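# Commentary on secondary and tertiary structure
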Amino acid sequence: MRKRIAVLAGDYIGPEIVAEAIKVLKAVERRFGHEFSYQDAPVSGEAYDKYGKHLPENTLEVCRQSDAILKGPFGGPPSELNHPKWAKVEQEAILGLRKAFNFYINLRPVQPVDGLLHLSPVKEENIRGVDIVFVRELMSGMYFGPKGRQVENGEEVAFDTELYREHEIDRIADAAFTLAMQRRKKVTLIGKSNVLTSSVLWREVVAKVARDYPDVTLDYQHVDAASMYLISNPRQYDVVLTSNMFGDILTDEASVLVGSLGLCGSASLGDGSFGLYEPIHGSAPDIAGQDKANPLSTILSVALMLRHSFGLMEEANGVEKAVFDVLAKGYRTPDLAAYDPQGTKVGTRQMGDLVARAVAESK
Ligand code: IPM
Ligand code: MG
């Protein structure tokens, strides 16, 4: 199979970890007989330096001509966050990419790795066997609703609006139920319908969509209770469906079950198979260029690319298995080694080599 991948490596550790993910993709090409091409395009800090813009038109064009986007983390060091190079990266580059391609589906799998359950501060008995996929709405709600800032009666007033249209809920609900059909056939909708009208609409629309999927069980929880159950009883979840804002918060909370942001990938999709794949952690300026960053969340994101954009299930499973096997053998990047002094400490590049080799040798 031939595929074109746009590579937006991003800032600080971005290029280092994206290079390891490409190493693994190349191993997939050789092992399974595919041909992928990789087009680099500047974004975020690099694009700002070159063009004074975080998401230039020629980068969007490279993305448009590709079958998927591989994205590294964007953002600058805390001390420079007010500098124009970094101040609007989130809004312009991250939200800009979501908007440009109508990526309204955000999939965030949460699957603690056997043998690494001790990385999580949550009790091992609570997280053993947890396998959740968050389906977060990504194109609407408070992020994109009417917002503003003004002075009223001599004081500052600011507002953001949680506004959802029926079709926006309908399409993300459909994505969640379709995914649940391929899994354990349960969708938990999370909202705040005891207070928010928008959550009432979510419940109505999702209940309607559920009728088309009689085999899937639909559960509903308020977000405050759900944030507690995520820690105390996370095994109850299969597919979790929620709004943009609640999804942002709950997926960070859920990453604690895995124990490391370095082991959490993310996929953003629209109507077709075109998608964006990225780690959920930041650009870690403090360890950039030192061969210390953990490339596994980017490598796991590449597995999501193979599955969701290219329909290559065996290849996707192969990459995930390679990651789990390398971890099972005790190899640890510094972030993971801190919890496992007995493990074999490896750098960014060696971790990429190990996973690529495991893919190459997979049966
Ligand atoms: C995420 C991030 C982004 C979001 C930020 C960086 C805009 O937190 O992908 O979860 O809020 O969606
Ligand atoms: Mg977030």
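Scroll up to find the structure this text is about.
What this report covers is the structure whose coordinates are included nearby. (Residues numbered from 1 in each chain as written. Chains lettered and ligands numbered in written order. Predicted model: local features only at pLDDT ≥ 70, side-chain atom pairs only at ≥ 80, totals over all residues. Heavy atoms only, no water.)

### Quick word on the overall build of the protein chain
The test is simple: Each helix is a run of DSSP H or I of at least 4 residues and each strand a run of E of at least 2, with the numbering of both proceeding from the N terminus. By the convention used here, residues are in contact when the closest approach between their heavy atoms is within 4.5 Å. For every accessible area listed, the method is Shrake-Rupley and the probe measures 1.4 Å; residues are considered covered only by the protein chains on display. When charges are counted, neither His nor the chain ends are considered; positive counts come from Lys and Arg and negative counts from Asp and Glu. We put the charge of a Lys on NZ, of an Arg on CZ, of an Asp on CG and of a Glu on CD.
On a plain count of helices and strands, the protein chain comes out with 13 helices and 14 strands. Across the protein chain, every contact between residues at least 6 apart in sequence was considered, and the portion connecting residues at least 24 apart equals 75%. Of the roughly 16100 Å² of accessible surface on the protein chain, a fraction of 49% belongs to carbon and sulfur atoms. Here the protein chain contributes 41 positive and 49 negative side-chain charges, whose respective centroids are spaced 4 Å apart.

### Digging into the packing of helix α1 (residues 14-32) against helix α13 (residues 348-360)
The condition that has to hold: Each axis is a line fitted through C-alpha atoms, taken for helices only over the stretch in contact, and angles between the N-to-C directions span 0 to 180 degrees. For classification purposes, an angle smaller than 35 degrees is called roughly parallel, one larger than 145 roughly antiparallel, one from 65 to 115 roughly perpendicular, and anything else oblique. Crossing handedness: left-handed means the near helix sits turned counterclockwise from the far one by under a right angle, and right-handed means the same turn made clockwise.
In contact at an axis separation of 9 Å, α1 and α13 are set at 15° when each is read in the N-to-C sense. Classified by the interaxial angle, the pair formed by α1 and α13 is roughly parallel. Judged by the sense of rotation from one axis to the other, the crossing of α1 with α13 is right-handed. In contact with Glu 16, Ile 17, Glu 20, Lys 23, Val 24, Ala 27, Val 28 and Arg 31 of α1, α13 contributes Thr 348, Arg 349, Gly 352, Asp 353, Val 355, Ala 356, Val 359 and Ala 360.

### Observations regarding the site of ligand 1
Threshold: The criterion for a residue being near a molecule or strand is simple. One of its heavy atoms has to lie within 4 Å of it. Pairing of N or O atoms within 3.5 Å defines a polar contact, subject to two protein rules: one partner must be a possible hydrogen donor and the other a possible acceptor, and residues neighboring in sequence count only if both atoms are side-chain atoms.
Near ligand 1 you find Glu 90, Ile 94, Arg 98, Arg 108, Arg 136, Tyr 143 and Asp 248, and these make up its full shell. A distance of 2.8 Å is found between an oxygen atom of ligand 1 and a side-chain nitrogen or oxygen belonging to Arg 98. Take Arg 136: an N or O atom from its side chain is 2.9 Å from an oxygen atom of ligand 1. Here ligand 1 loses 72% of its free accessible area of 320 Å² to cover by the protein chains. Per element, the largest residue contribution to the shell around ligand 1 is three residues, and it comes from helix α4 (residues 89-100).

### Regarding the pairing of strand β7 (residues 155-160)
To be explicit about the condition: The buried label goes to any residue with under 20% of its type's maximum accessible area, the exposed label to any with over 50%, and the partly exposed label to all in between, with areas taken from a 1.4 Å probe on protein chains only. In this scheme, strands are said to pair when DSSP sees at least two bridges between them.
Within β7, only zero of the six residues are buried, which leaves the element largely exposed. Here strand β6 (residues 147-152) hands over to β7 after two residues, with Asn 153 in that stretch at a positive phi of 50°.

### Structural notes on unusual backbone geometry
Phi at Asn 102 is positive, roughly 50°, even though this residue is not glycine. Note on placement: Asn 102 falls in the loop between α4 and β4 (105-110). Of note in this structure, Asp 291 is not a glycine but carries a positive phi near 60°. As for its placement among the helices and strands, Asp 291 is situated in the loop between β12 (275-279) and α10 (296-308). You can call Asp 291 partly exposed: its relative accessible area is 23%.

### Some points on the side chain of Asp 238
Of note, Asp 238 is situated in the loop between α8 (223-232) and β10 (239-242). Within the structure, Asp 238 has its side chain in polar contact with the backbone nitrogen of Arg 184 (distance 2.9 Å). In this structure the side chain of Asp 238 is engaged in a polar contact, spanning 3.2 Å, whose partner is the backbone nitrogen of Lys 186. Beyond its immediate stretch of four places on either side in the chain, Asp 238 contacts Asp 131, Ile 132, Val 133, Ala 180, Arg 183, Arg 184, Lys 185 and Lys 186.

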